[in-house]
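Architecture at a glance
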Amino acid sequence: MERPYILINFAITADGKIGTSQKGPSRFTSKADLDRLLQIRLRADAILVGRGTLEADEMSMTIPAELKPKKQPLRCIISRQGLFDGDHKVFHSEGGPIHLIATAPEAPLPLTPPEREDVHHHKHTLEGFLHHAKTELEVENLLCEGGGSLVKDLFALDAIDEINLTIAGHSLIGGEKAPTITGLPRNFLPASREFEISHFEPTPDNELFATWKRKN
Ligand SMILES: NC(=O)c1ccc[n+]([C@@H]2O[C@H](COP(=O)([O-])OP(=O)(O)OC[C@H]3O[C@@H](n4cnc5c(N)ncnc54)[C@H](OP(=O)(O)O)[C@@H]3O)[C@@H](O)[C@H]2O)c1
């Protein structure tokens, strides 16, 4: 499959959780973690999230102007039915063009909210959208910021090249209903995926920044 280079970025607790079972915003990390996320965003031509993360984390999916981004990344949001909330802040904040993707064959086009000039509507499989992003939207680097259910689907496609983690070993969440970077415990991936460490950095906030790259 022709697709962009795909990075993911997550903050995880000592027990590998990325949030609570309530799927609220994950607030267990530091300002340094947010700064690092923004540095990673500077490498991205596009950011991709599932509708769940967009809503839970109240994201605008932008890079602050003071970081002087060469351009704002495309803001790509995926859903099965494509029922997006037009009042969400992402639709009312300055940033990169928005690409809404619905994967269910029966999803109506245009998706909600109604069409606007800077909002593009797609009906694709996840795999199909990755191909489209590379070949039509000229996305070389795509940063997926979650959530776990979307990232599990990317791992299932074997489409992840780089894993960035903030390991917040100072916190634990526990519970079988709190998600990990592959969502809630369900089926195995079709095969294990292998990565090798390329960066490891303890932070003054009692956390670790680490990066693993796909093992070829
Ligand atoms: N700690 C961290 O770094 C971090 C990072 C990201 C998220 N989180 C946390 O994770 C939680 C959200 O988890 P989540 O599993 O709900 O997130 P999610 O994967 O962002 O959202 C799930 C929704 O996204 C859509 N979706 C996901 N995969 C899809 C696919 N392959 N094709 C089409 N649509 C797809 C579906 O939307 P529809 O229902 O519209 O079909 C699905 O219901 C929040 O608590 C958030 O704070 C934590």
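What comes next concerns the included structure.

Cut-offs used in this document
- In this convention, every chain numbers its residues from 1, walking through the sequence in written order.
- For this predicted model, a pLDDT threshold of at least 70 governs which residues receive local features, and a threshold of 80 or more governs which side-chain atom pairs are given and counted, while totals over whole chains, interfaces and linings are taken from all residues.
- Side-chain measures here rest on the full set of heavy atoms in the structure, leaving out hydrogens and waters.
- A run of H or I in DSSP becomes a helix once it reaches four residues, and a run of E becomes a strand once it reaches two; helices and strands are each numbered from the N terminus.
- For each residue, the accessible area found with a 1.4 Å probe, counting protein chains only, is set against the maximum for its type, and the residue is called buried under 20%, exposed over 50%, and partly exposed in between.
- For this analysis, residues touch if any pair of their heavy atoms sits within 4.5 Å.
- All accessible-area figures derive from a Shrake-Rupley calculation using a 1.4 Å probe, and residue coverage is judged against the displayed protein chains alone.
- His is not counted, nor are the chain ends, whereas Lys and Arg count as positive and Asp and Glu as negative.
- Each charge is placed at NZ for Lys, CZ for Arg, CG for Asp and CD for Glu.
- Distances are taken per atom, and a residue is near a molecule or strand as soon as one of its heavy atoms is within 4 Å of it.
- Here a polar contact means two N or O atoms within 3.5 Å. Within protein one must be a hydrogen donor candidate and the other an acceptor candidate, and residues neighboring in sequence count only if both atoms are side-chain atoms.
- Residues are sorted three ways: Asp, Glu, Lys and Arg are charged, Ala, Val, Leu, Ile, Met, Phe, Trp, Tyr, Cys and Pro are nonpolar, and all the rest, Gly among them, are polar.
- When DSSP locates at least two bridges between a pair of strands, those strands are taken to pair.
- Think of each axis as a best-fit line through the C-alpha atoms, taken over the contacting stretch in the case of a helix, with angles from 0 to 180 degrees between the N-to-C directions.
- The rule for a salt bridge is simple: a side-chain nitrogen of Lys or Arg has to be within 4 Å of a carboxyl oxygen of Asp or Glu.
- Among buried residues, those of type Ala, Val, Leu, Ile, Met, Phe, Trp, Tyr and Cys that are joined through side-chain atoms within 4.5 Å constitute a nonpolar core.

Structural notes on the overall build of the chain
Each helix and strand in the chain was counted, giving four helices and nine strands. Scanning the chain from its N terminus toward the C terminus, one meets helices and strands in the order β-α-β-α-β-β-β-α-β-α-β-β-β. For the chain, the spread of C-alpha atoms along the three principal axes comes to 45 × 40 × 35 Å. Out of the 216 residues in the chain, the part that is buried amounts to 46%. Sequence separation of at least 24 residues holds for 67% of the intrachain contacts in the chain that already meet a minimum separation of 6. For the chain, the accessible area works out to roughly 11300 Å², and carbon and sulfur atoms hold 51% of it. Here the chain holds 25 positive side-chain charges and 31 negative ones, and the gap between their average locations is 3 Å.

Re the site of the ligand
Neighbouring residues of the ligand: 26 residues in total, closest Arg51, Thr53, Asp57, Ser79 and Asp153. One nitrogen or oxygen atom from the side chain of Lys23 is found 3.2 Å from an oxygen atom belonging to the ligand. A distance of 2.6 Å is found between an oxygen atom of the ligand and a side-chain nitrogen or oxygen belonging to Ser79. Isolated, the ligand exposes 910 Å² of accessible area, and the fraction of that covered by the protein chains is 88%. If you list the elements that add at least two residues to the shell around the ligand, you get strand 1 (5-13), helix 2 (51-56), strand 3 (74-79) and helix 4 (148-156). A per-element tally of the shell around the ligand places helix 2 first, with four residues. Across the shell around the ligand, the residue classes break down as nine nonpolar, eleven polar and six charged.

Section: the sheet that holds strand 8 (residues 195-202)
The nine strands are arranged 5-4-3-2-6-1-7-9-8 in an open sheet whose pairing can be described as mixed. Of all strands in the sheet, those bounded by a partner on one side alone are strand 5 (119-123) and strand 8. In this sheet, adjacent strand axes meet at a mean angle of 20° when their direction is disregarded. Sheet analysis places strand 1 next to strand 6 (residues 141-144), joined by four bridges and oriented parallel. Along strand 6, the bridge assignment pairs Ile6 with Leu142.

A word on the side chain of Asp33
Relative to the assigned elements, Asp33 resides in helix 1 (residues 31-41). One buried charged residue, Asp33, remains without a salt bridge, the closest side chain of opposite sign being Arg36 at 5.9 Å. Of the polar contacts made by the side chain of Asp33, one reaches the side chain of Thr29; its length is 2.9 Å. Non-local contacts of Asp33, meaning those with residues more than four positions away in its chain, are made with Ala11, Thr166, Glu207 and Phe209.

Describing the nonpolar core
Note on soluble globular proteins: their nonpolar side chains tend to be buried together. The biggest cluster of nonpolar side chains holds 28 residues, and the ones touching the most others in it are Ile8, Phe10, Leu48, Leu142, Phe155, Ile160 and Ile181. Elements represented by at least two residues in this core include exactly strand 1, strand 2 (46-50), strand 3, helix 3 (126-135), strand 6, helix 4 and strand 7 (162-168). Residues contacting Leu48, with those up to four places away along its chain left out, are Cys76, Ile78, Ile101, Leu126, Leu142, Leu143, Cys144, Glu145, Gly146 and Leu150. Residues Val49, Met59, Met61 and Phe84 belong to the second largest nonpolar core, which totals 16 residues.

What about the pairing of strand 4 (residues 98-102)?
Among the five residues that make up strand 4, five are buried, leaving the element largely enclosed by the rest of the structure. Bridge analysis of strand 3 against strand 4 gives five bridges, and the strand direction is parallel. By the bridge assignment for strand 4, Ile77 is matched with Leu100. Pairing of strand 4 with strand 5, which is carried by five bridges, proceeds in the parallel orientation. Counterpart to Ala102 in the pairing with strand 5 is Lys123.

Section: unusual backbone geometry
Residue Gly147 is reached from Gly146 by a cis peptide bond, and omega for that bond is 0°. Inspection of the secondary structure assignment puts Gly147 in the loop between strand 6 and helix 4. Its identity as a non-glycine residue notwithstanding, Glu58 has a phi of 45°, on the positive side. Tracing the backbone shows Glu58 in the loop between helix 2 and strand 3. Classification of Glu58 by relative accessible area gives partly exposed; the value is 48%. Positive phi, normally seen in glycine, also occurs at Asp158, with a value near 55°. Position of Asp158 among the secondary structure elements: in the loop between helix 4 and strand 7.

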